[in-house]
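Report on the structure
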Amino acid sequence: MVKQIFTDIPSAEPETPLLDKITRPELLRELPPEELQTLANELRHFLLYTVGQTGGHFGAGLGVIELTIALHYVFNTPYDRIVWDVGHQTYPHKILTGRKAAMATLRTAEGISGFPKRSESPFDAFGVGHSSTSISAALGMAVAAQQKREDRHAIAVIGDGAMTGGMAFEALHHAAHTKSNLLVILNDNQMSISANEGGLASYFAKIWVSKFYHSVREGGKKVLSYLPPALELARRTEEHMKGMVSPATLFEELGFNYIGPVDGHDLGSLTHALNNMKDFDGPQLLHVFTQKGHGFTPAEQDPIGYHAINKILSKNERQPRPAVVKKPIPKYQDVFGHWLCDMAAKDERLFGITPAMREGSGMVAFSEQFPDRYHDVAIAEQHAVTFAAGLACEEQKPVVAIY
């Protein structure tokens, strides 16, 4: 089945005969591999329609459709825990876990949440709304499984943007000391971390994820353990080979077995990698490349603009243009942004600081007009505030925007 590319949001609910049969992931796991692409096409088509009806987060969900299918296909959810970082990319997950019909109630008073919610479904392993929390939570679940001697997998799915949060690195540092069977999936949609693309990188990724390589690697460790200098030489040789074709070195130094990069829209590559990695022991990190808004051309071209959308009104719902057009009420963040620029023009000691929320906080104009006094500290609110305190100690005037 060929992957479908969409250019418009459908106004009528599409026919999704295969998706309609998947009322729980257990049924998904009964599908032959050759039908997974058909399921991905139907899921993407339905997601375009349903978010067009309700509004909500958009591009992130489109980008993880294949990854979501692969995770539920390979792992025994909900017994195996999947922890989604931030959670705005979980609409496909909700659809595949028995909530397809409820998507029409998304983000309404009596409807389903726009984020994972433990009380809503046993498939929502961790309630979440903010970023950089997934690795910590999944590690806790992995350690608990280890303590209870349960053969349970814990998977954290974290984006490259959320990986900039200090909490994520604190969890990575801790994970290596526990030796728990934690799988971290770095969903790199190229919004923050530079892509390391090319045939050689993909070739090595296939080697590293193979069970043959893994058995040779672990067996070699045991043999060479009697010759410490040789073991160190082998470790460094492997490390340098990985470092030449991928950003593996950092994660390897933190104690993770790094695999990747893998095409996050290739269902065959994803299921192959995940099937092999679930049998590996210790902390694992799978690096996948995805495209935000994948499969919907306008969102691919403008991933920031299509991060979330409002409800798309049908022609019958659209009201005729009034004779007198009222002046729109400005948004709070726009008022704040104008004020910030006005104050900065009057006082060169004023700084603007945001933890990765420039657009949402109305700071685009400030970042363009006063680039030397604009600081995006990535997803690190505690650092943003303490950094501002340091500036204030030196008689500067920092303004921190917590979205």
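Below: a short report on this structure.

1. Section: the sheet that holds strand E9 (residues 374-376)
An order of E9-E8-E10 is seen for the three strands of this open sheet, with the pairing classed as parallel. A single partner strand is all that each edge strand has here, and the edge strands are E9 and strand E10 (397-400). Between one strand and the next, the sheet's axes are offset by a mean angle of 20°, whatever the strand orientation. Taken together, the three bridges between strand E8 (residues 350-354) and E9 define a ladder with parallel strand orientation. Its bridge partner lying in E9, Ile 353 is registered against His 375. Helix H17 (residues 381-393) contacts E8, E9 and E10 of the sheet and is inclined by roughly 165° relative to E10.

2. Considerations on unusual backbone geometry
A cis amide bond links Thr 77 to the next residue, Pro 78, at an omega of 5°. Along the chain, Pro 78 falls in the loop between helix H5 (65-74) and strand E2 (81-84). Residue Pro 261 is bonded to the preceding Gly 260 through a cis peptide linkage, with omega at 0°. In this structure, Pro 261 sits in strand E5 (residues 257-263). For Arg 149, which is not a glycine, the phi torsion comes out positive at approximately 60°. Structurally, the position occupied by Arg 149 is in the loop between helix H7 (134-147) and strand E3 (154-159). On the accessibility criterion, Arg 149 (79% relative accessible area) is exposed.

Cut-off values and rules
- Residues numbered from 1 in each chain as written.
- Predicted model: local features only at pLDDT ≥ 70, side-chain atom pairs only at ≥ 80, totals over all residues.
- Heavy atoms only, no water.
- Pairing = 2+ DSSP bridges.
- Helix = DSSP H or I, 4+ residues; strand = E, 2+ residues; numbered from the N terminus.
- Axes fitted to C-alpha atoms, helices over the stretch in contact; angles between N-to-C directions.
- Contact = heavy atoms within 4.5 Å.
- Buried < 20%, exposed > 50% of the residue type's maximum accessible area, 1.4 Å probe, protein only.

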